[in-house]
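# Report on the structure
Read off the chains here:
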Amino acid sequence: MKKTLIRAISFFLTLSLLTGLLIPFASAIEYEGVESMTVDATAALLIDLDTDQVLYEQAADEQRYPASITKIMTALLTLEAIGRGELDLNTEITVDAAALADITEDSSTANLQAGEKITVKNLLYCLLLASANEAANVLAMAVSGDIPTFVELMNQRAQELGMAGTHFVNPHGLHNADHYSTARDIYRMSKQAMTHATFREIVSTGRYTVPATNLSKARSLLNTNGLLTSAKHYGYTMDGTIGIKTGSTGEAGYCLVAAVQKKGHTLVSVVLGAQNPTDSRGNVQRKQFTESKRLLNWGFTNFSDATLLDAETYLQELPVRFSSEASHVVVRPTRSVQVMVPGTYDPERLELRLRFHRDVASAPIEAGDVLGTVTVIYAGEEYATVDMAAVSDVSFSPFMAFVSSVNTVLGNIYVRLLLLIALALVVVGLVRRFQERTKEERRAKRQLRQQEKIAFRQREAEARQQDEAQAKLEKEAREQQRKEELLRRQQEAQERQAKRAQEAQERQVKREQERLEREERNRQLRAEREARQAEERQRRQAEREERQRQAEVRRRQEEEARRQREERERRQREERERRQRQEREARRQEELARRRQEERQARQREERRRQEQADRERRRQAEWERRARQADPARNAPPQRRPSPPRDPRQGSAPRKKQGRRPDDRR
């Protein structure tokens with residue numbers, strides 16, 4: 001029993017492990033009638049940017065190394081600092097030597113130098129187009145003063161965006177085991193960054209020229225996104241691409257976040273951990289571009305735009321109590337639901353599930369009051385749950401509330417029983433009273449009661465007419481009051497809008513004044529610094545020239561070392577190609593020898609087949625002759641042979657003549 005239990009536990013643990021290993025490679029969303037999709041990468045995600053609708057996901061919540069996609073967060077924090085007035089796109093930043101400390105030789109760079117002055121805008125272009133790692137450090141120090149403080153700000157902003165599976169260690173994305181994110185978190189970060197017009201403009205630029213600075217000539221930057229431009233990677237462009245960022249390290253693989261606008265929607269794809277294999281011709285296959293393009297085309301091809309719910313559609317009438325002017329109120333959704341559905345939109349597959357807070361609404365009700373929700377379901381999948389609000393106002397009527405209360409009380413069985421008992425007692429008293437009276441008195445009283453009833457009915461009819469006239473006047477007054485209230489609300493809305501515009505203008509003027517004051521203070525500070533630095537300028541100039549000379553010597557030495565390294569690599573490539581040619585020639589010779597051996601074997605088989613056929617023919621001929629001798633007795637006698645002349649032993653034996661068949665021979 002114990003062994004059986006242990007085996008069962010081992011089986012279920014193994015099954016769970018295999019399931020966990022296979023799940024990341026399978027798509028979490030399957031659509032009926034849509035061809036299945038598998039991306040050749042460790043993680044992938046496809047989302048509609050306008051509605052946050054997930055069209056495809058593959059290990060989207062598993063932690064991966066983001067590489068240079070980290071720079072999206074660096075750019076986002078820089079732009080938010082600009083929005084707060086802490087920086088300006090035209091602010092000049094001096095590159096600190098500390099920003100170049102952790103930059104390796106094989107990392108992407110814009111060749112920024114210590115002491116170089118460059119604007120924030122041009123640093124953002126270096127960051128997002130050339131993926132310059134030193135630009136990320138310079139912007140981090142400009143925003144927070146130092147890199148560790150900026151990294152803390154990155155992690156804080158990630159938590160605010162709901163990026164629970166993300167942790168940053170540096171602002172550029174160079175590999176660190178504690179620097180990770182997920183495909184879904186990267187989408188959240190990218191969506192927030194795409195809300196900034198400056199970010200959208202930069203990531204949609206294919207080529208940009210950074211003007212000359214104090215230490216460098218003009219730089220030409222190429223966007224590394226192959227879906228956007230073929231300037232750096234040829235043959236991968238896709239129409240409608242508007243961004244956004246690539247990334248790659250040895251540990252992270254090749255990654256890409258791409259956004260494409262088509263058919264009135266913007267789809268964002270995230271592909272992480274792709275590889276770049278080399279085909280038989282030596283061409284590199286850049287899977288981060290091909291897989292992203294294939295995933296985006298799959299989304300636009302297999303999904304169509306559909307409005308599942310219109311905000312102007314009246315859904316249903318809901319019964320109303322405590323009101324004399326309306327017995328029902330119409331409800332409609334508070335917003336529209338427009339999504340991308342798999343395949344072609346079919347209205348028959350749409351289902352709207354209405355759920356009201358109460359089966360009967362109670363007056364008073366104002367237009368816009370939420371009375372329930374509607375769940376939008378298409379093809380069995382739930383897309384949204386939207387509030388349902390009243391279309392019009394419904395006023396409260398005290399009389400109807402009283403009537404409803406009376407009906408509620410009368411609906412109680414105990415109250416009805418008491419009323420029946422009281423009625424029975426009244427009937428018994430009346431019977432006794434009628435028995436005591438004479439018939440004439442009863443007749444007189446009956447006539448009197450009939451007259452009183454007629455008079456009461458006349459008064460009741462007059463009162464009902466007066467009530468109806470009063471109700472009509474009150475309804476007209478309420479309608480006039482509602483129109484006046486609507487006009488008053490419109491006027492108040494216009495006044496609030498004008499007030500907000502005036503306040504925004506005042507805030508703009510105040511910010512402009514503050515900016516001018518900061519610029520004035522900055523000019524004064526710069527003047528003071530220039531005055532202090534004037535005394536040291538000549539000495540620094542000499543030191544700078546000496547450093548430049550030494551840097552030039554080092555650069556020439558490095559250039560010479562690089563040329564020697566390239567020469568060695570070229571020779572090694574030529575040696576590898578020569579060995580490959582020799583191997584191909586040896587394989588060709590082996591193939592040729594094998595083919596010749598096969599041809600010899602084929603000729604030998606053909607020779608054996610001909611010999612076997614000749615043997616069969618001789619045996620068949622001998623059988624025919626034997627049967628012919630048995631059939632003809634005259635042939636049974638031994639033939640008289642003529643003496644043959646002596647043969648010359650030097651001559652070979654004469655060839656034997658083949659005996660012909662007689663006409664009467666039988667087989």
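Data block above holds the structure.
Heads up: these notes are all about the structure in this document.

Criteria and thresholds
- Residues numbered from 1 in each chain as written.
- Predicted model: local features only at pLDDT ≥ 70, side-chain atom pairs only at ≥ 80, totals over all residues.
- Heavy atoms only, no water.
- Pairing = 2+ DSSP bridges.
- Helix = DSSP H or I, 4+ residues; strand = E, 2+ residues; numbered from the N terminus.
- Axes fitted to C-alpha atoms, helices over the stretch in contact; angles between N-to-C directions.
- Patch = residues over 30% accessible without salt bridge, like charges linked within 9 Å, V, L, I, M, F, W, Y side chains within 5 Å.
- Areas by Shrake-Rupley, 256 points an atom, 1.4 Å probe, with all protein chains shown as cover.
- Salt bridge = Lys/Arg side-chain N within 4 Å of Asp/Glu carboxyl O.
- Phe/Tyr/Trp six-rings, centres within 6.5 Å; stacked < 30°, edge-to-face > 60°.
- Buried < 20%, exposed > 50% of the residue type's maximum accessible area, 1.4 Å probe, protein only.
- Core = buried A, V, L, I, M, F, W, Y, C linked by side-chain atoms within 4.5 Å.
- Contact = heavy atoms within 4.5 Å.
- Parallel < 35°, antiparallel > 145°, perpendicular 65-115°, else oblique.
- Nonpolar A, V, L, I, M, F, W, Y, C, P; charged D, E, K, R; others polar.
- Expected span 1.5 Å × (residues − 1).
- Bend = angle between axes of the 7 residues up to and from the residue.
- 1 Å grid on protein atoms, 1.4 Å probe; cavity = no way out; pocket = protein on both sides within 12 Å on 5 of 7 lines; lining within 4 Å.
- Points joined across faces, edges and corners; volume = space filled by probe spheres on them.
- Left-handed = near helix turned anticlockwise from the far one by under 90°.

Regular strands place their side chains on alternate faces of the sheet. Bridge count for strand β12 (residues 328-333) against strand β17 (residues 381-390) is three bridges, and the pairing is antiparallel. In the sheet register, R332 faces β17, and the bridge partner there is A389. The pairing of strand β16 (residues 370-378) with β17 spans eight bridges and is antiparallel. Counted as the bridge partner of V370 is A389 from β17. From the end of β16 to the start of β17, which pair antiparallel, there are two residues, and A379 there has a positive phi angle of about 55°.

Strand order in the open sheet formed by five strands is β2-β1-β9-β8-β7, with antiparallel pairing between adjacent strands. On the outer flanks of this sheet lie β2 (53-58) and β7 (241-249), each paired with one strand and no other. Here the strands of the sheet are splayed against their neighbours by 5° on average, with no regard to which way each runs. Where strand β8 (residues 253-262) and strand β9 (residues 265-274) come together, eight bridges link them in antiparallel fashion. The residue bridging A259 from the neighbouring strand is V268, located in β9.

On the surface, L417, L418, I421 and L425 cluster together to form a nonpolar patch covering roughly 430 Å² of accessible area. Within the secondary structure, L418 sits in helix α10 (residues 413-436).

The next point concerns the packing of aromatic side chains. Under the counting rule described, the total for this entry stands at four aromatic pairs. Geometrically, the ring pair formed by Y56 and W298 is edge-to-face, given 5.9 Å between the ring centres and 75° between the ring planes. Note that Y56 is positioned in strand β2 and W298 in helix α8 (residues 287-302), a separation of 242 residues in sequence. With respect to burial, Y56 and W298 carry one shared label: buried. Summarising the aromatic geometry, the rings of Y236 and F289 are spaced 5.3 Å apart at their centres and angled 45° between planes, so their arrangement reads as tilted. Within this pair, whereas Y236 is found in the loop between β6 (219-222) and β7, its partner F289 is found in helix α8, the two being separated by 53 residues in sequence. The buried category is assigned to Y236, whose relative accessible area is 13%. Site record: aromatic cluster; members linked through ring pairs are Y56, W298 and F303.

Judged by nonpolar contacts, the single largest core of 68 residues is most densely connected at M73 and F199. Take this core: its biggest share by element is eight residues, from helix α2 (residues 71-83). When near neighbours in sequence (up to four residues on either side) are disregarded, F199 contacts I72, A75, L79, L128, A193, M194 and I244. Grouped together as the second largest cluster of nonpolar side chains are 25 residues, A41, L256, A274 and L295 included.

Close contact between α2 and helix α5 (residues 147-160) brings their axes to 10 Å; oriented N to C, the two are set at 95°. Relative to α5, the element α2 lies roughly perpendicular. Contacts from M73, T74, L77 and E80 of α2 reach α5 at F150, L153, M154, R157 and A158. Considered class by class, the residues forming the contact of α2 with α5 number six nonpolar, one polar and two charged.

It is worth spelling out helix α11 (residues 439-631) at this point. Structural remark: α-helix, 3.6 residues per turn; residues separated by three or four positions point the same way. Between the first and last C-alpha of α11 there are merely 156 Å, a value that for 193 residues lags more than 12% behind the 288 Å anticipated at 1.5 Å per step. Along α11, the largest kink reaches about 55° and is centred on E536. Within α11 the residues assigned to the buried category are R442, Q621, W624 and A628.

Let us look at the layout of surface pockets. Its volume calculated, the largest pocket comes out at about 1600 Å³. Surrounding the largest pocket, 31 residues form its lining, L100, L112, Q113, A114 and A551 being those nearest its centre. With 13 residues, the top contributor of residues to the lining of the largest pocket is α11. As for the second largest pocket, its lining consists of 31 residues, of which N90, T91, E92, N522 and R526 are closest to the centre. For the lining of the second largest pocket, the secondary structure elements donating two or more residues are α2, β3 (92-94) and α11. Here the lining of the second largest pocket takes 18 residues from α11, the largest share from any one element.

This brings us to unusual backbone geometry. That bond from G243 to I244 is cis: its omega, 5°, falls within 30 degrees of zero. Structurally, I244 can be placed in strand β7. Here the phi dihedral of A59 falls at roughly 50°; this positive angle occurs in a residue that is not glycine. Residue position: A59 is located in the loop between β2 and α2. By relative accessible area, which is 13% here, A59 ends up buried. Here the phi dihedral of K263 falls at roughly 55°; this positive angle occurs in a residue that is not glycine.

Okay, the pattern of salt bridges next. In total, this model carries 48 salt bridges according to the counting rule given. Across the salt bridge formed by E536 and R540, the nearest N and O atoms sit 2.9 Å from each other. Of the two residues, E536 and R540 are both situated in helix α11; the distance of four residues between them amounts to about one turn of the helix. Taking the relative accessible area as the measure of exposure, R540 reaches 35% and is therefore partly exposed. The shortest N-O distance in the salt bridge between R570 and E574 comes to 2.5 Å.

Working note: a packed helix pair is described by the angle between its axes plus the distance between those axes. Remark: α2 packs on helix α6 (residues 183-193), axes separated minimally by 10 Å, with the N-to-C direction vectors making an angle of 35°. When the axes of α2 and α6 are compared, the crossing they make is left-handed. In contact with I72, M73, L76 and E80 of α2, α6 contributes M189, S190, Q192 and A193. Its residues assigned to classes, the contact of α2 with α6 comprises five nonpolar, two polar and one charged.

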